[in-house]
Every structure is written in C-alpha cells, then in structure tokens.
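Structure assessment
Below, each chain spelled out in residue letters.
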Amino acid sequence: MIEYPNGDVTTRKRLRNKIKTELPFVLQENIGDGRKLIEKIDVVSIQEWNENKGYGAYPIRKLPENRSDVTE
C-alpha cells in the first residue's frame, strides 16, 4: 500500500495509471496456467479505503507515535 497523504483524486489516478503500466497485466495473460496474479490496482486515500464497501472491512487507522509496545 502506498500512502499519498497530500494527493488528490487526480494525482492518485495518475499514480495508479503509471503503476499499472509497470505491472505485467498483459504478460500474465500470455504465460502460465491462466490464473490471474493481478486483477486490478487502485490508489485511494485512507478515508476512501475506510469508506469503501469491500476495503472498509479492513479499516486503516494511525497508531499513536509514542506507543510503548513497539520495538525498533
């Protein structure tokens, strides 16, 4: 997942399209057993993720920076 906190709908769409050109969508159709490894790519904000019907089942939230149970 890529967090792009200062992005808007337009820049997230541009990023998604750029990443999509780098992924082997066509290659996976021409080789292998026909099983898709990548079906689609989305670039969304955390708010859009949490409000999405499917993605929202796995909500994302920011953890406090001063957590004592995290080791570095």
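Read on for a plain summary of the structure. (Residues numbered from 1 in each chain as written. Predicted model: local features only at pLDDT ≥ 70, side-chain atom pairs only at ≥ 80, totals over all residues. Heavy atoms only, no water.)

A word on the overall build of the chain
Along the backbone of the chain there are three helices and zero strands. Its helices and strands taken in sequence order, the chain reads α-α-α from the N to the C terminus. Each of the 72 residues in the chain was classed as buried or not, and the buried ones make up 10%. Taking the contacts inside the chain whose residues are at least 6 apart along the sequence as the reference set, 32% of them involve residues at least 24 apart. Accessible surface computed for the chain: about 6700 Å², of which carbon and sulfur atoms make up 51%. (Helix = DSSP H or I, 4+ residues; strand = E, 2+ residues; numbered from the N terminus. Buried < 20%, exposed > 50% of the residue type's maximum accessible area, 1.4 Å probe, protein only. Contact = heavy atoms within 4.5 Å. Areas by Shrake-Rupley, 256 points an atom, 1.4 Å probe, with all protein chains shown as cover.)

Points about the side chain of R12
Within the secondary structure, R12 sits in helix α1 (residues 9-22). When neighbours within four sequence positions are excluded, R12 is seen to be in contact with Y4, G7, V43, V44, S45 and E48.

Observations concerning the pattern of salt bridges
Inspection of the entire model under this criterion finds three salt bridges. We note a salt bridge from E48 to R12, for which the minimum N-O separation is 3.2 Å. With E48 in helix α3 (residues 46-51) and R12 in helix α1, this residue pair connects regions lying 36 residues apart in the sequence. Assessed through its relative accessible area of 7%, R12 is described here as buried. Notably, a salt bridge pairs K18 with E22, separated by 3.5 Å at the nearest N-O pair. Of the two residues, K18 and E22 are both situated in helix α1; the distance of four residues between them amounts to about one turn of the helix. (Salt bridge = Lys/Arg side-chain N within 4 Å of Asp/Glu carboxyl O.)

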